[in-house]
Amino acid sequence: MPNQYMTRFHSSESKENPRRLPAWLNCHRKPVSMILRLYATLIFCWDVLIILVQFFLTLLQSLFHLIRAPKAKCLTGEVAAVVGSGRGVGYDLAIQLAALGVKVACVDVNKADNELLVKKIQSTGGVANAFECDVTNKAEISRTVAAIESSLGTISMLFHSCNVPSARSLVTEPPPIETTLNVGVVSHFLLLEAILPKMKKIAHGHIVFLTSVAGVSGLKHQMPLTVSQFAVQGLYESTLEELRIEKRQHTIHTTLVHIYPFIITDHCLNDIRLRISSAFGRIRSDEAAQRIIAGLDKKILCVGLCNIDIIQVCDAYPAEDSDQRCQSSRWQRGGNASNACTVLANLGARCELLASFSDSKMFQFVLDDLRERRIAFDHCMYHREAQVPLSTVWLSLATGTRTIVHSNPNLPELTIEDFQQINLQDYTWIHFEGRRNTPAIVQMIRSIVEWNNRPENQSSTNKVKISIELEKPRHSNLELLVDGVDVVFVGKDFARFLGHESGRDTIVALKKIHSGSYIIICPWGASDTVAIDELDRWFTHPTYPPKVIRDSLGAGDTFVAGCILKLLDAESRDSLSVVLEFASRLAIQKLALFGFDGIKKD
């Protein structure tokens, strides 16, 4: 028999318990719980799927980069602040950046080492200034940034490469963590606070965060360093996300570099000791700097001919049906686009050649020379059973002039399909040599214009500059004057073919044929160079020939390469006079030299 008190007790509790669900909701409790569990399971599966997809995409990208390394952008004219330049990877970063035409602000607390570095850079023709600064002091950072802007210009690149390792154990001997964290973490915030707003204002910049394996896994007896390196990785990810939200990730770029395992050089040999160094391998600071820079700069692409020049240096031109000895002879890689690449490479620019190649054994000479000069030719098209284009050249020591006989019987010209094999994102400037395949070149130019017109490529750093060279006397060259071309180089022979006897008359005629906002540069031999910029402002620059002209072959290509390089310099874009002066000086050097070796920036 049930206990009436017990029944009454339970009955009373059920009526007064406020947590008891209503009957209508209690009957649906189980289905709702099942739906929530199903939803949570689907979310979990979706997250796992996303992780797997990202993992395999990253794996494929890494495997692809093993075969074909990431491309780079032209750094000429950039202003880079290298923090921690007195030693280690910062030291080598400053040297290599200056060699690429970057204006380097060497920032370090060690004044003596920093000034020695600047003297070394300046002795090789680079631009660098030393700035003594404690990067843990906000007032000093503001003062240093203002000084850099006053002497070099607005900072467009930031490299933070200073840290303070502390080889102590937290358990046995507590380390002084304040110094390590202030230098390795707090200074990042202070530098970004001072520099990032300026980058946003000019809509251009690149921030490189340097860390090591200490930012991936904890290290024995390196607790302060490990904490700071983990913090740098978090700071990078947060900065990247904020730039993405503000839609600035296409104008201000960020790069996180894990240096593996550590940098072992004369500068920091004893900073960190590896117990089993052979298991991890070693990397020199200059090699680490080279790898860091390799992921930052884009290339200049020259599209046109690549041939072999057989050059004979004679006292005078040989008479017909005569037999005489030459002073010297040599083989040389030639072609307008090919020569422009040679000059650009000599001046430290990253460049690439796109041309049709013969697969004959004789052409191996060209490939070896390209590799030696570090000129990329990954996308060149090889043609079987095609003869090597040859140019036989006589150089007269008596007059300083040259006579050329060309031979190119069956090597096909480049097609639009050949050009579409490249990735336009890898280049900052593409230069076209006007050749017989005019319709294909027009298609190539228009494909670049379409790329430039995409919304994501509207910033000046993403757009690809286009230049064309009109040299050969053929009417089809005029078809290359299409919308979107930035710079047109007009040769004297082509101008006279059109019936003009001066650079100014040539430019006026071309502007009538194709009006628009673009630059025309017309060098007129030993006379002068005439040019007009996008705002229709005229510029005239005199020519200063050397006392002795030894080799005029390729002088025009040297001038073109000099213009391209200087036009990529941010400070020179607003004044063609600076561009023409620089290019003319290069051409003068070339006239006094045999070949291209020895051409350098004044």
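So, how was this worked out
Residues numbered from 1 in each chain as written. Predicted model: local features only at pLDDT ≥ 70, side-chain atom pairs only at ≥ 80, totals over all residues. Heavy atoms only, no water. Helix = DSSP H or I, 4+ residues; strand = E, 2+ residues; numbered from the N terminus. Buried < 20%, exposed > 50% of the residue type's maximum accessible area, 1.4 Å probe, protein only. Contact = heavy atoms within 4.5 Å. Core = buried A, V, L, I, M, F, W, Y, C linked by side-chain atoms within 4.5 Å. Expected span 1.5 Å × (residues − 1). UniProt positions renumbered as here; feature names shortened; annotations may be inferred. Salt bridge = Lys/Arg side-chain N within 4 Å of Asp/Glu carboxyl O. Pairing = 2+ DSSP bridges. Polar contact = N/O pair within 3.5 Å; in protein donor to acceptor, adjacent residues only side chain to side chain. Axes fitted to C-alpha atoms, helices over the stretch in contact; angles between N-to-C directions. 1 Å grid on protein atoms, 1.4 Å probe; cavity = no way out; pocket = protein on both sides within 12 Å on 5 of 7 lines; lining within 4 Å. Points joined across faces, edges and corners; volume = space filled by probe spheres on them. Nonpolar A, V, L, I, M, F, W, Y, C, P; charged D, E, K, R; others polar. Phe/Tyr/Trp six-rings, centres within 6.5 Å; stacked < 30°, edge-to-face > 60°. Lys NZ or Arg CZ within 6 Å of the ring centre and 35° of its normal.

1. A short note on the overall build of the protein chain
Phase 1: Scanning the protein chain for helices and strands turns up 18 helices and 20 strands.
Phase 2: Across the 602 residues that make up the protein chain, the buried fraction comes to 47%.
Phase 3: Counting contacts in the protein chain only where the partners sit at least 6 residues apart, residues at least 24 apart contribute 66% of the total.

2. Observations regarding the nonpolar core
Phase 1: Ranked by internal contacts, the top residues of the largest apolar core, which has 48 residues, are Ile300, Leu344, Leu353, Phe357, Ile521 and Leu576.
Phase 2: Looking at this core, the elements with two or more residues in it are strand 7 (299–303), helix 11 (336–346), strand 10 (351–354), helix 12 (364–372), strand 17 (487–490), strand 18 (519–524), helix 17 (555–567) and helix 18 (576–591).
Phase 3: Discounting residues that sit within four places of it in the chain, phenylalanine 357 has contacts with Cys306, Phe363, Leu367, Leu370, Phe377, Cys380, Met381, Tyr382, His383 and Leu411.
Phase 4: Listed in part, the 39 residues of the second largest apolar core include Phe432, Val490, Phe494 and Trp524.

3. Description of helix 14 (residues 438–452)
Phase 1: A rise of 1.5 Å per residue sets the reference length of helix 14, with its 15 residues, at 21 Å; its end C-alpha atoms lie 21 Å apart and thus fit the reference within 8%.
Phase 2: All buried positions along helix 14 are accounted for by Thr438, Ala440, Ile441, Val442, Met444, Ile445, Ile448, Val449, Trp451 and Asn452.
Phase 3: Those residues of helix 14 hidden inside the fold are in contact with strand 7, helix 13 (416–419), strand 15 (427–433) and strand 16 (465–470).

4. Digging into the UniProt feature "transmembrane region" (unreviewed entry) in the protein chain
Phase 1: UniProt feature "transmembrane region" (unreviewed entry): in the numbering of this structure it lies at residues 38–64.
Phase 2: Helix makes up 100% of residues 38–64 and strand 0%, with an end-to-end C-alpha separation of 39 Å.

5. Describing unusual backbone geometry
Phase 1: A positive phi angle is found at aspartate 321, which is not glycine, with a value near 60 degrees.
Phase 2: Looking at the secondary structure, you find aspartate 321 in the loop between strand 8 (307–314) and strand 9 (328–334).
Phase 3: Backbone geometry at aspartate 536 places phi at a positive 65 degrees, although glycine is not the residue there.
Phase 4: Inspection of the secondary structure assignment puts aspartate 536 in the loop between strand 19 (528–532) and strand 20 (538–542).

6. Things to note about the pattern of salt bridges
Opposite charge on two side chains lets them pair, provided their charged atoms get close.
Phase 1: Under the counting rule described, the total for this entry stands at 18 salt bridges.
Phase 2: The residue arginine 435 makes a salt bridge to glutamate 433 at a minimum N-O spacing of 3.3 Å.
Phase 3: Taking the relative accessible area as the measure of exposure, arginine 435 reaches 11% and is therefore buried.
Phase 4: Note that arginine 496 and glutamate 501 form a salt bridge whose closest N and O atoms lie 3.7 Å from each other.
Phase 5: By relative accessible area, arginine 496 is classed as partly exposed at 43%.

7. Comments concerning the pairing of strand 8
Phase 1: Burial analysis of strand 8 places six of its eight residues in the buried class, which makes it a mostly covered element.
Phase 2: Relative to strand 9, strand 8 is paired through seven bridges, and the arrangement is antiparallel. Across the sheet, the residue bridging to isoleucine 310 is tryptophan 331, located in strand 9.
Phase 3: Bridge count for strand 8 against strand 13 (residues 390–396) is seven bridges, and the pairing is parallel. By the bridge assignment for strand 13, isoleucine 308 is matched with leucine 390.

8. Considering the side chain of asparagine 114
Phase 1: As for its placement among the helices and strands, asparagine 114 is situated in helix 5 (residues 111–123).
Phase 2: With a relative accessible area of 1%, asparagine 114 lands in the buried category.
Phase 3: Within the structure, asparagine 114 has its side chain in polar contact with the backbone oxygen of cysteine 106 (distance 2.7 Å).

9. Some details on the sheet that holds strand 14 (residues 402–407)
Phase 1: Across the sheet, which stays open at both edges, the four strands sit in the order 9-8-13-14 with mixed pairing between neighbours. The open sheet terminates on both sides in strands that have one partner only, identified here as strand 9 and strand 14. Each strand axis lies, on average, 20 degrees off the axis of its neighbour in the sheet, ignoring direction.
Phase 2: Packing against the sheet, helix 12 makes contact with strand 8 and strand 9, and its axis sits at approximately 75 degrees to strand 9.

10. Focus: empty space enclosed by the protein
Phase 1: As enumerated under the stated definition, the model contains three cavities of 30 Å³ or more in all.
Phase 2: Approximately 110 Å³ is the volume attributed to the largest cavity.
Phase 3: Contributing to the lining of the largest cavity are 15 residues, with Gly304, Leu305, Glu413, Leu414 and Arg435 lying nearest its centre.
Phase 4: Looking at side-chain class alone, the lining of the largest cavity contains eight nonpolar, four polar and three charged residues.

11. A look at the packing of aromatic side chains
Phase 1: The final tally for this structure, using the stated rule, is eight aromatic pairs.
Phase 2: Consider the rings of phenylalanine 55 and phenylalanine 56, whose centres lie 5.2 Å apart with planes at 75 degrees: the pair is edge-to-face.
Phase 3: A relative accessible area of 47% means that phenylalanine 56 is categorised as partly exposed.
Phase 4: When the ring of phenylalanine 209 is compared with that of tyrosine 236, the centres are 5.7 Å apart and the planes differ by 70 degrees; the resulting orientation is edge-to-face. Taken as a pair, phenylalanine 209 in strand 5 (residues 205–212) and tyrosine 236 in helix 8 (residues 223–245) lie far apart in primary sequence, 27 residues in all.
Phase 5: Cluster of aromatic residues (ring-pair linked, three or more members): Phe357, Phe363, Phe377 and Tyr382.
Phase 6: Looking at lysine 566, its charged tip hangs above the ring of phenylalanine 582, at a distance of 4.9 Å from the centre.

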